[in-house]
Amino acid sequence: MIFTQKRSILALLASSLLLTIGRGATLPFMTIYLNRQYGMNVEQVGYALTLALTIGVVFSLGFGILADKFDKKRYMVLAVSAFLIGFAAIPMVSHAGLVVLFFAMINCAYSVFSTVVKAYFSDTLGATAKAKIFSLNYSVINIGWTVGPPLGTLLVMYNLNLPFLLAATCSAIPVVVIQLFVQRISVSAREENSVAWSPSVLLQDRALRWFTFSGFLASFVAGSFASCISQYLMSVADNEFAEKVVAVILPVNAAMVVTLQYAIGRRLNASNLRPLMTFGTVCFILGLVGFMLSGANLWFWGLAAAVFTIGEIIYAPGEYMLIDNIAPPGMKASYFSAQALGWLGAAMNPLMTGLILTSMPDWALFAILILVTFFAWLAMIRGIRAKPLGQLQTN
């Protein structure tokens, strides 16, 4: 890689780290924040978070698709700026509806940034380098999840608003870093085999539809698992124990990803992706069984989180690689944006978790998540068969 390309990659990885530290310091505690500040119960919190996450994902689809037509560097700066404004505004408002609105803007901005970063890497790196950088980016994100939640836990002890101010501070730095150090890519600079930009192509790709549906189900299980477990613990225990469990499982999750993600992710390819994704599915299921049986034992919660994380280590970069390989040049951001619709599963999780916990036995939550995990695996297999692995890039 030339120096400017390395500098751009380092700047974007650093930005991902800082944004995730801010997000990690706030997102797991949104359930507790809404409960304490506005007296919202588990079901009301579920509705609020689901609405905010859904709005964020839907709007990010449109913004992400348009990124293929405009300068990606400017797009990232605007997304991070919106991220900053949202976190700075939440402590200043005194109405739950405004908190939900700004939280939706934060999620939209973060989703757009993540989508455009992946598209930027996809446009500027070769096939072999992509697997390494995707995994490295995911590792960096999880370093943020390792640092963020303990910081959030510490700050919450002093003031509920402090995590949001930390997030705003963390997001101010990337605005400057991206502007100064990320290389601009000309919109007119297209590969020879690039296709004409047309959103209708997304609707015609069967593999994309199956992969997006698989991502929807997988994100329902794993995308909001911290807030899901917080809601579960608020139902069976109390806020104090919920904070302790969240402060255990998120660092365990992040630490394992940081240590194993790059080593495993860089070896993912078309020939081994299917068996590894199957193994990841088994780990998800075993982790969910562990959560169901952990009770009040923090050690068991940590062990279950470790097993669950092995599935995440395989699944997350695997899904991105599948999309990268079927996305035609010139439409990378559009394909990654369509894949981001799968995060509606994570958006639905707080609502469905609240409904399940208020209408069914507590253990039913994890039983349903296990079933959903199995169907996510089936949808992924259908996507692979829709476009044979032999047609995917393997170099």
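So, how was this worked out
- Residues numbered from 1 in each chain as written.
- Predicted model: local features only at pLDDT ≥ 70, side-chain atom pairs only at ≥ 80, totals over all residues.
- Heavy atoms only, no water.
- Helix = DSSP H or I, 4+ residues; strand = E, 2+ residues; numbered from the N terminus.
- Rg over C-alpha atoms; globule rule 2.2 N^0.38 Å.
- Buried < 20%, exposed > 50% of the residue type's maximum accessible area, 1.4 Å probe, protein only.
- Contact = heavy atoms within 4.5 Å.
- Areas by Shrake-Rupley, 256 points an atom, 1.4 Å probe, with all protein chains shown as cover.
- Disulfide = S-S within 2.5 Å.
- Axes fitted to C-alpha atoms, helices over the stretch in contact; angles between N-to-C directions.
- Parallel < 35°, antiparallel > 145°, perpendicular 65-115°, else oblique.
- Left-handed = near helix turned anticlockwise from the far one by under 90°.
- Nonpolar A, V, L, I, M, F, W, Y, C, P; charged D, E, K, R; others polar.
- Core = buried A, V, L, I, M, F, W, Y, C linked by side-chain atoms within 4.5 Å.
- Expected span 1.5 Å × (residues − 1).
- 1 Å grid on protein atoms, 1.4 Å probe; cavity = no way out; pocket = protein on both sides within 12 Å on 5 of 7 lines; lining within 4 Å.
- Points joined across faces, edges and corners; volume = space filled by probe spheres on them.
- Patch = residues over 30% accessible without salt bridge, like charges linked within 9 Å, V, L, I, M, F, W, Y side chains within 5 Å.
- Salt bridge = Lys/Arg side-chain N within 4 Å of Asp/Glu carboxyl O.
- Lys, Arg positive; Asp, Glu negative; His and termini not counted.
- Charge placed at Lys NZ, Arg CZ, Asp CG, Glu CD.
- Phe/Tyr/Trp six-rings, centres within 6.5 Å; stacked < 30°, edge-to-face > 60°.
- pLDDT = per-residue confidence, 0-100.

### Remarks on the overall build of the chain
Consideration 1: Secondary structure assignment for the chain yields 16 helices and 0 strands.
Consideration 2: At 20 Å, the chain has a C-alpha radius of gyration in line with the 21 Å of a compact globule built from 395 residues.
Consideration 3: Projecting the C-alpha coordinates of the chain onto the three principal axes gives extents of approximately 60 × 45 × 35 Å.
Consideration 4: Expressed as a percentage of the 395 residues in the chain, the buried residues total 56%.
Consideration 5: Expressed as a percentage of contacts within the chain between residues at least 6 apart in sequence, the contacts between residues at least 24 apart total 85%.
Consideration 6: Working note: accessible area of the chain is about 15800 Å², and carbon and sulfur atoms make up 68% of it.

### A closer look at the state of the cysteines
Consideration 1: Applying the stated criterion to the full structure yields 0 disulfides.
Consideration 2: The thiol of C283 is not disulfide-bonded; the next cysteine sulfur, from C228, is found 19 Å away.
Consideration 3: Judged by its relative accessible area of 5%, C283 is buried.

### So, the environment of A386
Consideration 1: Structurally, the position occupied by A386 is in helix α16 (residues 364-386).
Consideration 2: With relative accessibility at 25%, the residue A386 sits in the partly exposed group.
Consideration 3: Each residue touching A386, except ones within four places of it in the same chain, is listed here: R206, A207 and W210.

### Examining the packing of helix α2 (residues 30-38) against helix α5 (residues 96-124)
A pair of packed helices can be characterised by two numbers: the angle between their axes and the separation between those axes.
Consideration 1: At a closest axis distance of 11 Å, the pairing of α2 and α5 adopts a crossing angle of 160°. Taken together, the axis directions place α2 and α5 in an arrangement best described as roughly antiparallel. The hand of the α2/α5 crossing is right-handed. Contacts between α2 and α5 involve M30, Y33, L34 and Y38 from the former and A96, V99 and F103 from the latter.
Consideration 2: Residues belonging to the contact of α2 with α5 are distributed by class as follows: 7 nonpolar, no polar and no charged.

### Points about the nonpolar core
Consideration 1: Formed by 118 residues in total, the largest nonpolar core has its most connected members in L34, M76, F121, F291 and W301.
Consideration 2: Broken down by element, this core gets its largest block of residues, 16 residues, from α5.
Consideration 3: Dropping the residues within four chain positions of it, M76 is found in contact with L12, F113, V116, V117, Y120, I178 and V182.

### Description of α5
Consideration 1: Helix length check: α5 (29 residues) gives 42 Å between terminal C-alpha atoms against 42 Å at 1.5 Å per residue, within 8%.
Consideration 2: In terms of burial, α5 is largely enclosed, as 22 of its 29 residues are buried.

### Here we look at the layout of surface pockets
Consideration 1: Its volume calculated, the second largest pocket comes out at about 250 Å³.
Consideration 2: In terms of lining, the second largest pocket is formed by I55, F59, F63, Y75, L78, A79, A82, A104, M105, C108, A109 and V112.
Consideration 3: Of all the elements, α5 adds the most residues to the lining of the second largest pocket, at 5 residues.
Consideration 4: In the lining of the second largest pocket, the residues fall into 12 nonpolar, no polar and no charged.

### Comments concerning α2
Consideration 1: Considered for burial, the residues of α2 that qualify are M30, T31, I32, Y33 and L34.
Consideration 2: Where α2 is buried, its residues meet α3 (42-66), α5, α7 (162-181), α10 (225-236) and α11 (239-265).

### Some remarks on a positive patch on the surface
Consideration 1: Positive charge collects at one region of the surface, where R206, R209, R274, R382 and R385 lie side by side.
Consideration 2: Mapped by element, the contributors of at least two residues to the positive patch are α9 (206-222) and α16.
Consideration 3: With respect to the helices and strands, the residue R385 is situated in helix α16.

### Some details on the packing of α3 against helix α14 (residues 332-340)
Consideration 1: Interhelical geometry of α3 versus α14 gives an angle of 170° and a closest axis separation of 8 Å. In this view, α3 runs roughly antiparallel relative to α14, as classed from their interaxial angle. Here α3 contributes V57, S60, L61, G64 and I65 to the contact with α14, which in turn contributes A333, S334, S337, A338 and A340.
Consideration 2: For the contact of α3 with α14, a count of residues per class yields 6 nonpolar, 4 polar and no charged.

### So, a nonpolar patch on the surface
Consideration 1: Together, L51, I55, V58, F59 and F63 line one region of the surface with nonpolar side chains, adding up to about 450 Å² of accessible area.
Consideration 2: With respect to the secondary-structure elements, L51 resides in helix α3.
Consideration 3: For L51, a relative accessible area of 47% puts it in the partly exposed group.

### Some remarks on the packing of aromatic side chains
Centre distance and the angle of the planes are the two values used to describe a pair of aromatic rings.
Consideration 1: Summed over all chains, the structure comprises 15 aromatic pairs.
Consideration 2: Look at Y232 and F366: their rings are 4.9 Å apart centre to centre, the planes differ by 70°, and that puts the pair in the edge-to-face class. Taken together, the residues span a long stretch of sequence, with Y232 in helix α10 and F366 in helix α16 at a distance of 134 residues.
Consideration 3: Between F291 and F308 the ring centres are 5.6 Å apart and the planes differ by 45°, which places this aromatic pair in the tilted class.

### Re the confidence of the model for the chain
Consideration 1: Averaged over all residues, the pLDDT of the chain is 83; the fraction at 70 or higher stands at 93%.
Consideration 2: Mean pLDDT across the elements of the chain ranges from a minimum in helix α8 (residues 200-204), with 73, to a maximum in α7, with 93.
Consideration 3: Overall, residues 388-395 carries pLDDT values under 50, and its contacts beyond four positions in sequence, including any with other chains, amount to 13 contacts.

### Focus: the environment of A226
Consideration 1: Relative to the elements of secondary structure, A226 occurs in helix α10.
Consideration 2: For the pair formed by A226 and W210, sequence separation is 16 residues and the distance between their alpha carbons is 26 Å.
Consideration 3: The contact partners of A226, leaving out residues within four places of it in the chain, are P28, V246 and L250.

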